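The lines below spell out each chain.
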Amino acid sequence: AEITYGAKIFKANCSSCHIGGGNILISEKTLKKEALSKYLEDYDADSIQAIIYQVQNGKNAMPAFKSKLSEQDIIDVAAYIVEKAEQNWQ
Ligand code: HEM
C-alpha cells in the first residue's frame, strides 16, 4: 500500500476529526498505538484489517466511508495510520 497517497486520503477525509492522530469528539479514542490497542476491536490480531473494518462501517459518531472511498483508498489510509501509530504520530 502507498503511504503518501494514504496521507492525502487522511488529510481530505479524516483530519477534521483526527488531526494529529487525535480525536476531537472522543478525546481518548485517538489513533495512537495504545488507544488503538485498547479501543479498536481486533487491532492486536490484525491492525490493518481492524482499521479497514471501522472505516468501511463507521462506529457511533464516526461515519462509514464504504460508499465514499474506494477499497484501495481505505487500504491506503489504514496503512498510513499503522505507519503513523508506529511513529507515535511524530
Ligand atoms: C474512531 C479512523 C474519519 C470520528 C476511529 C478509529 C479509527 C478511525 C482507526 C479507532 C480509534 C480508537 O478507537 O482509538 C478514521 C479514518 C477516517 C476517520 C481512517 C477517515 C477515513 C472520522 C471522521 C470523524 C471520526 C470524519 C468525525 C466526524 C471518530 C469517532 C471515533 C473514531 C467519534 C470513536 C468511535 C467510537 O468508538 O465510539 N477513527 N476515522 N472519524 N473516529 Fe474516525
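Residues numbered from 1 in each chain as written. Predicted model: local features only at pLDDT ≥ 70, side-chain atom pairs only at ≥ 80, totals over all residues. Heavy atoms only, no water.

A.B. asks: Help me understand the coordination of the iron atom of the ligand in this model?
C.D. replies: In a perfect tetrahedron of four donors around a metal, the angles come out at 109.5 degrees. In a perfect octahedron of six, they are 90 or 180 degrees. Bound to the iron atom of the ligand are the protein donor atoms H18 (NE2) and M62 (SD), situated 2.0 to 2.2 Å from the metal. Coordination at the iron atom of the ligand is octahedral: its six donor atoms span angles of 83 to 179° at the metal. Here the residue H18 occupies a position in helix α2 (residues 15–18), and M62 occupies one in the loop between α4 (47–57) and α5 (71–86), the gap between them amounting to 44 residues. (Donors = N, O, S within 2.8 Å, 3.2 Å for Na, K, Ca; no water. Tetrahedral: all angles 85-135°; square planar, octahedral: opposite > 155°, others 65-115°. Helix = DSSP H or I, 4+ residues; strand = E, 2+ residues; numbered from the N terminus.)

A.B. asks: Looking at this structure, how should I read unusual backbone geometry?
C.D. replies: Negative phi is the rule for most residues except glycine; trans is the rule for most peptide bonds. Despite not being glycine, D42 shows a phi value in the positive range, around 70°. Structurally, D42 can be placed in the loop between α3 (33–39) and α4. By relative accessible area, D42 is classed as exposed at 52%. Here W89, not a glycine, exhibits a phi torsion of approximately 55°, which is positive. (Buried < 20%, exposed > 50% of the residue type's maximum accessible area, 1.4 Å probe, protein only.)

A.B. asks: How do you make sense of the packing of aromatic side chains when you look at a structure like this?
C.D. replies: The geometry of an aromatic ring pair is captured by the separation of the ring centres together with the interplanar angle, meaning the angle of the planes. By the definition in use, this model includes three aromatic pairs. Aromatic pair F10 and W89: ring centres 5.4 Å apart, planes at 45°, arrangement tilted. Of this pair, F10 sits in helix α1 (residues 3–13) while W89 sits in the segment after α5, and the two are 79 residues apart along the sequence. Across the pair, exposure class does not vary: F10 and W89 are buried alike. With centroids separated by 6.0 Å and ring planes inclined at 90°, the aromatic side chains of Y80 and W89 adopt a geometry described as edge-to-face. Since its relative accessible area comes to 12%, Y80 is described here as buried. A relative accessible area of 12% places W89 in the buried class. Among the aromatic residues, those joined into a cluster by ring pairs are F10, Y80 and W89. (Phe/Tyr/Trp six-rings, centres within 6.5 Å; stacked < 30°, edge-to-face > 60°.)

A.B. asks: What is the right way to read the environment of K29 from this model?
C.D. replies: On the secondary structure map, K29 appears in the loop between α2 and α3. When the C-alpha positions of K29 and E71 are compared, they lie 24 Å apart, and in sequence the two are 42 residues distant. Apart from residues no more than four positions distant in its own chain, K29 is found in contact with H18, N23, Y39 and K59. (Contact = heavy atoms within 4.5 Å.)

A.B. asks: What should I look at first to understand the confidence of the model for the protein in this one?
C.D. replies: A low pLDDT means the predicted coordinates there should not be read in detail. On average, residues of the protein score 96 in pLDDT, and 98% of them are at 70 or above. With pTM at 0.96, the complex prediction returns an ipTM value of 0.98. (pLDDT = per-residue confidence, 0-100.)

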